[in-house]
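Structural characterization, general
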Amino acid sequence: MSDILYGCRLMIIKEIDPETGLEKAAGKTARFETPQQAGITHQWIEGQRTEQRGGDRLIATIEEQAELSGVEIAFTEATLPGEGLALLAGGTFAGDKYSAPRIGQQPKPVIAELYVARYAEGNNDASAIVGYRKWTFWSVTGRVPNYTPQDRNFLTPQFAIRGKENAKADKPIYEWEDVETLPPAA
């Protein structure tokens, strides 16, 4: 049976313990409850290609395989939770005030979980979700999103997020698994 993936349902950001590289016990978490889309683009390091020529012809080639080095996630959120922005992109959020990172301040890597609804094959009602596909990006950093306020349009923040391997925790760039339900809000 094939799973049909539909919609972008939830993104959770979790603080990383600097000693283990895994989720920090009692660490900060933030939920992006109204994601609109998450474009995942794989980043590759192209392998080298060497050619040997002689007598006006190609004699041999040696070609290295390309290697996956990371991902870029273009994430669009319908709302802008300040605590999520501060955790993902740096800066501070207190009360109702967000302050962008200062020059020289870099956001700390976080773990990001992205959830997409799964449906069975065939004609489905929107409520006939059979589970969720959960992507876990083990070490990501974000940038303060771009904003485009304009007349008669909603402001929808667009985040640029980069992911890489989490060497400290011995985790790959990302993993995905199928889960039954979304995690409850804390």
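Structure: above.
Residues numbered from 1 in each chain as written. Predicted model: local features only at pLDDT ≥ 70, side-chain atom pairs only at ≥ 80, totals over all residues. Heavy atoms only, no water.

Turning next to the overall build of the chain. Helix and strand counts for the chain stand at one helix and twelve strands. Reading the chain from its N end, one meets helices and strands in the order β-β-β-β-β-β-α-β-β-β-β-β-β. Whereas a compact globule of 186 residues would reach a radius of gyration of roughly 16 Å, the chain reaches 21 Å, over 25% beyond that. The principal-axis extents of the C-alpha atoms in the chain amount to approximately 75 × 50 × 45 Å. (Helix = DSSP H or I, 4+ residues; strand = E, 2+ residues; numbered from the N terminus. Rg over C-alpha atoms; globule rule 2.2 N^0.38 Å.)

Turning our eyes to something else, we now look at the pattern of salt bridges. Applying the stated criterion across every chain, the model contains 13 salt bridges. Two residues, K14 and E113, come together in a salt bridge whose shortest N-O distance is 3.0 Å. Placement of K14 in strand β1 (residues 4-15) and of E113 in strand β9 (residues 110-119) is noted, with a sequence separation of 99 residues between them. No difference in accessibility class separates K14 from E113, as the two residues are buried. Taking the shortest distance from any N to any O, the salt bridge between R53 and E51 comes out at 3.5 Å. (Salt bridge = Lys/Arg side-chain N within 4 Å of Asp/Glu carboxyl O. Buried < 20%, exposed > 50% of the residue type's maximum accessible area, 1.4 Å probe, protein only.)

Turning our attention to the nonpolar core. What tends to happen in soluble globular proteins is that the nonpolar side chains get buried as a cluster. Judged by nonpolar contacts, the single largest core of 22 residues is most densely connected at I13, L88, F137 and I161. Of all the secondary structure elements, the ones that give two or more residues to this core are β1, β2 (29-32), β6 (67-77), α1 (82-89), β9, β10 (131-142) and β11 (158-163). Ignoring anything within four residues of it in the chain, the contact list for I13 reads K28, T29, A30, F32, L87, L88, V110, I111 and A112. Formed by seven residues, the second largest nonpolar core is a distinct cluster that contains L10, A117, Y119 and V179. (Core = buried A, V, L, I, M, F, W, Y, C linked by side-chain atoms within 4.5 Å. Contact = heavy atoms within 4.5 Å.)

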